[in-house]
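Read off the chains here:
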Amino acid sequence: AEKTLYRGEDRGIDAFARYSRTDGDSSANRSALNLGMSMTGLIPGRGDDIFGIGYTRGTISRKYALTLAAPVSAESAVEITYRIPLTPWLWL
């Protein structure tokens, strides 16, 4: 799911959420949850810049976990990004 939460002249806020699940036999991952938000125009006058923050949590299938040396059942990560347009075809 993706939703625009706010849209102004030079600013915008969008959010997303995704959940996926497998049978645990064909993939090392059993399930995954992804959540995040992005904001355009965080800095006044820089309406094309994009700031983003995301969170993901993946659980490992039981069959795959049995093959690991350490007891692991899930993994989580947070990602923060800031995208600046340098040219129409190059972003930093």
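Let us look at the structure shown here. (Residues numbered from 1 in each chain as written. Predicted model: local features only at pLDDT ≥ 70, side-chain atom pairs only at ≥ 80, totals over all residues. Heavy atoms only, no water.)

## Focus on the overall build of the protein
Each helix and strand in the protein was counted, giving one helix and seven strands. Counting from the amino terminus, helix and strand elements in the protein follow one another as β-β-β-β-α-β-β-β. For 92 residues, the compact-globule estimate of 2.2 N^0.38 gives 12 Å, and the C-alpha radius of gyration of the protein, at 18 Å, exceeds that figure by more than 25%. Taking the principal axes of its C-alpha atoms as reference, the protein extends roughly 55 × 25 × 20 Å. Across the 92 residues of the protein, 18% fall into the buried class. Of the roughly 6,900 Å² of accessible surface on the protein, a fraction of 59% belongs to carbon and sulfur atoms. In the protein, 11 positive and 10 negative side-chain charges are present, and the distance between their average locations comes to 9 Å. (Helix = DSSP H or I, 4+ residues; strand = E, 2+ residues; numbered from the N terminus. Rg over C-alpha atoms; globule rule 2.2 N^0.38 Å. Buried < 20%, exposed > 50% of the residue type's maximum accessible area, 1.4 Å probe, protein only. Areas by Shrake-Rupley, 256 points an atom, 1.4 Å probe, with all protein chains shown as cover. Lys, Arg positive; Asp, Glu negative; His and termini not counted. Charge placed at Lys NZ, Arg CZ, Asp CG, Glu CD.)

## A short note on the packing of aromatic side chains
Counting across every chain of the model gives zero aromatic pairs. The ring of Trp91 is capped by Arg83, whose NZ or CZ atom sits 3.8 Å from the centre of that ring. (Phe/Tyr/Trp six-rings, centres within 6.5 Å; stacked < 30°, edge-to-face > 60°. Lys NZ or Arg CZ within 6 Å of the ring centre and 35° of its normal.)

## Topic: the pairing of strand β1 (residues 2-7)
In terms of burial, β1 is a largely surface element, zero of the six residues being buried. Sheet topology places β1 next to strand β2 (residues 12-21); five bridges connect them, and they run antiparallel. Bridge assignment links Thr4 to a residue of β2, and that residue is Asp14. (Pairing = 2+ DSSP bridges.)

## Let's talk about the sheet that holds strand β5 (residues 74-83)
Overall, antiparallel pairing links the five strands, which are arranged β1-β2-β3-β4-β5 in an open sheet. Edge positions in the open sheet fall to β1 and β5, since each of these has one partner strand only. Within this sheet the neighbouring strands show an average axis-to-axis angle of 10°, counted without direction. Taken together, the ten bridges between strand β4 (residues 50-60) and β5 define a ladder with antiparallel strand orientation. Across the sheet, residue Tyr55 finds its bridge partner in β5, namely Val78. (Axes fitted to C-alpha atoms, helices over the stretch in contact; angles between N-to-C directions.)

## Considering the environment of Ile43
Along the chain, the position of Ile43 falls in the loop between β3 (29-40) and β4. Among the residues examined, Ile43 registers a relative accessible area of 40% and is labelled partly exposed. Between the alpha carbons of Ile43 and Pro85 there is a distance of 13 Å; along the sequence they are 42 residues apart.

## Overview of the pattern of salt bridges
A side chain of one charge can pair with a side chain of the opposite charge if their charged atoms are brought near each other. All chains considered together, the criterion is met by three salt bridges. Between Asp14 and Arg7 there is a salt bridge, and its shortest N-O distance comes to 3.0 Å. Here Asp14 falls in the buried class, since its relative accessible area comes to 17%. Look at Arg7 and you get partly exposed, because its relative accessible area is 46%. Linking Asp25 and Lys63 is a salt bridge whose minimum nitrogen-to-oxygen distance equals 2.8 Å. Of this pair, Asp25 sits in the loop between β2 and β3 while Lys63 is found in helix α1 (residues 62-65), placing the two residues 38 residues apart along the sequence. In this structure, Asp25 and Lys63 share a single accessibility class: exposed. (Salt bridge = Lys/Arg side-chain N within 4 Å of Asp/Glu carboxyl O.)

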